[in-house]
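Here is how the chains run, residue by residue.
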Amino acid sequence: MANVTLVENADDHAIAAWLEQKLLAELRDSDGRIAITVPGGSTPFPIFERLKDSAIDWSRIDVWPGDDRIVPEDHAASNTGKIRSLLEPVGARIVPLSPDAQPPRFALAWLGMGADGHIASLFPNTDPKADDPQPVRTLTPDPLPPEAPFERITLTIPALLNSNTLVFVIRGEDKHAVFDAAAGGEHDLPIARLLSAAGQDVQCFA
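Everything numeric here is computed off the predicted structure, so don't read it as measured data.

Novice: Account for the layout of surface pockets, naming residues and giving values.
Specialist: The space that makes up the largest pocket amounts to roughly 600 Å³. Residue lining of the largest pocket: 31 residues in total, with G40, G41, M113, H118 and K175 positioned closest to the centre. Elements supplying a minimum of two residues to the lining of the largest pocket: strand 2 (34-38), helix 2 (44-52), strand 4 (67-69), helix 3 (79-87) and strand 6 (108-111).

Structure representation (structure tokens):
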């Protein structure tokens, strides 16, 4: 079970500052490029706005979405398109997910979580496995979220855990309770499966 460090009531400024320092340290320790994976949804984009104008050398970073809706990049529901529009202009290389992708080891894996305990697009109905032999899967959430009723492509638990740093940003008391229960081994939702299999410390901003 992962050792979780929880920071409550963290605002976007504090989270961006923490992420900036982590990425600057990873860049200092690397002779070349690094890769990170980041979430979609509404929560991360105000933080991206702060990070894109920071001291980070984005020209040395490959950015992978942790998951995406299977829609064209110019569709409003595309995580990849939104990430590209923000971070490509400052030099980042955006790597769209594909079924045959071979994700690298990530310097940082940044995740969110749904109130149903899903991570990336690993929803409870998809029965994600900590020993999944595939790094990327296409799947269909059931039920389909009404705000984004699309099939998905997602990194799997092993691909997400293949990272130097694992960080969550979670908003809302309902999600906080689900995360806490997962960290305590009180259920078997996707978030609990990931935390149970994590061999590294986990940072959570809630």
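Following the structure, the description resumes.
Novice: An account of helix 5 (residues 173-183) is requested, with residue identities and associated values reported.
Specialist: Within helix 5 the residues assigned to the buried category are H176, V178, F179, A181 and A182. Buried residues along helix 5 sit in contact with strand 1 (4-7), strand 9 (166-169), helix 6 (190-197) and strand 10 (202-205). Just downstream of helix 5, G185 is the residue with a positive phi angle, here 70 degrees.

Novice: So what's going on with the sheet that holds strand 4? Residues and values would help.
Specialist: Pairing in this open sheet of three strands is antiparallel, and the strands run 4-8-7 from one edge to the other. Bordering the open sheet on either side are strand 4 and strand 7 (136-139), each of which pairs with just one other strand. Going across the sheet, the axis of each strand differs from the next one's by a mean of 15 degrees, ignoring polarity. As paired strands, strand 7 and strand 8 (residues 152-155) are joined by four bridges and run antiparallel to one another. Pairing of L139 across the sheet is with R152, part of strand 8.

Novice: How would you explain the sheet that holds strand 2 if you had to name every residue and give the values?
Specialist: Reading across the sheet, the seven strands line up as 1-10-9-6-2-3-5 and stay open at both edges, with parallel pairing between neighbours. Every other strand in the sheet has two partners, leaving strand 1 and strand 5 (93-94) as the edge strands with one partner each. As paired strands, strand 3 (residues 61-65) and strand 5 are joined by two bridges and run parallel to one another. Its bridge partner lying in strand 5, D62 is registered against R93. In the packing of helix 6 onto the sheet, contacts are made with strand 6, strand 9 and strand 10, and the angle to strand 9 comes to roughly 150 degrees.

Procedures and definitions
All residue numbers here refer to positions counted from 1 along the written sequence of the relevant chain. Confidence filtering applies because this is a predicted model: local features only for residues at pLDDT of at least 70, side-chain atom pairs given and counted only at 80 or more, and all residues used for totals across whole chains, interfaces and linings. Just so you know, side-chain values use all the structure's heavy atoms and leave hydrogens and water out. Each cavity reported here is a set of points on a 1 Å grid over the protein atoms alone in which a 1.4 Å probe fits but cannot get out, each pocket an open set with protein on both sides within 12 Å along at least five of seven lines, and each lining residue one with an atom within 4 Å of a point. Grid points are joined across faces, edges and corners, and a volume is the space filled by probe spheres set on the points. Note on conventions: DSSP H or I runs of at least 4 residues are helices, E runs of at least 2 residues are strands, and numbering of each starts at the N terminus. Note on classification: 1.4 Å probe, protein chains only; a residue is buried when its accessible area is under 20% of the maximum for its type, exposed when over 50%, partly exposed between these limits. Here, residues are in contact when the closest pair of their heavy atoms is within 4.5 Å. Paired strands, in this sense, are two strands between which DSSP finds at least two bridges. The axes are straight lines fitted to the C-alpha atoms, using for helices just the contacting stretch, and the angles between their N-to-C directions are given from 0 to 180°.

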